[in-house]
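Working through the structure, step by step
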Amino acid sequence: SSTDVGLPVSPPTSASPQHKMTATEKATPTLPAQAVAAAPESVNGADDDSAILAKLTVLVAEDNIINQKVLCRTLKRIGIADVDVVENGQLAVDASSNKEYDIILMDLEMPVMDGLDATRIITKRPKRPKVVFVSAHALPEYKEQAKEAGGDDFLSKPVKLGVIKEVLVQRYKELHSH
């Protein structure tokens, strides 16, 4: 059997005479209704995750411009539109006092005020966001310092798309499960 437009063409049967397509005819592939109705993200509750991600407000506290761009592009790819960026911990403290964020992606080492000090201030507030550290420092002692400062999670750079998506959805659910 030959293929046309990626779909198999059945061999002719006595009930359907063979028809050769001319250059002016167009092949119109048809898909089962279930395949059309099923969005690619409808597997294993991913629709719910997409809805959660679309609602998230995220602050990125990162001093490196390239890392800022990579994180913002990653967040956009997973469906998060409401993203603000600051380049140090003091600005993260200020921004999070002026706007209610669900999640702050916090670098450990930044000028003016590092992520640990900023997190200690931010997490003392009555209504606080989840703080997820994003750092190239993957050693256990850095993770422990982040946790002691009030961090809710720790991701090592480079961050994988699926991992950041899973962590953000999980932290959002914790934040709004009352």
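Please refer to the structure higher up on the page.
Residues numbered from 1 in each chain as written. Predicted model: local features only at pLDDT ≥ 70, side-chain atom pairs only at ≥ 80, totals over all residues. Heavy atoms only, no water.

1. Re the sheet that holds strand E6 (residues 130–135)
As a reminder of what qualifies: Two strands qualify as a pair provided that DSSP identifies no fewer than 2 bridges between them. Strands here are runs of E lasting at least two residues and helices are runs of H or I lasting at least four, both read from the DSSP assignment and numbered beginning at the N terminus. For helices, the fitted axis covers only the stretch in contact; all axes are lines through C-alpha atoms, and the angles between them, taken along N-to-C directions, range from 0 to 180 degrees.
The five strands are arranged E4-E3-E5-E6-E7 in an open sheet whose pairing can be described as parallel. Because the sheet does not close on itself, it has two edges, and the strands there are strand E4 (82–86) and strand E7 (153–156). This sheet shows a mean twist of 20 degrees between the axes of neighbouring strands, independent of strand direction. Summarising the sheet, strand E3 (residues 57–61) and E4 pair through five bridges and their orientation is parallel. Among the inter-strand pairings, Val60 is bridged to a residue of E4, identified as Val85.

2. Considerations on the pairing of E6
Working note: regular strand, side chains alternate between the two faces of the sheet. Operational definition: Burial status follows relative accessibility: with a 1.4 Å probe on protein chains alone, a residue under 20% of its type maximum counts as buried, one over 50% as exposed, and anything between as partly exposed. A crossover counts as right-handed when, viewed with the strands pointing away from the observer, the path leading from the first strand over the helix to the second turns clockwise.
Within E6, six of the six residues are buried, which leaves the element mostly enclosed by the surrounding structure. Neither face of E6 is exposed, since Lys130, Val132 and Val134 on one face and Val131, Phe133 and Ser135 on the opposite face are all buried. Here four bridges tie strand E5 (residues 103–106) to E6, and the two strands are oriented parallel to one another. Following the sheet pairing, Ile104 is matched in E6 by Val131. Read as a crossover between parallel neighbours, the route from E5 over helix H5 (residues 115–122) to E6 is right-handed. Taken together, the four bridges between E6 and E7 define a ladder with parallel strand orientation. The residue bridging Ser135 from the neighbouring strand is Ser156, located in E7. In this fold, E6 hands off to helix H6 (residues 140–148), which returns the chain to E7; that crossover is right-handed.

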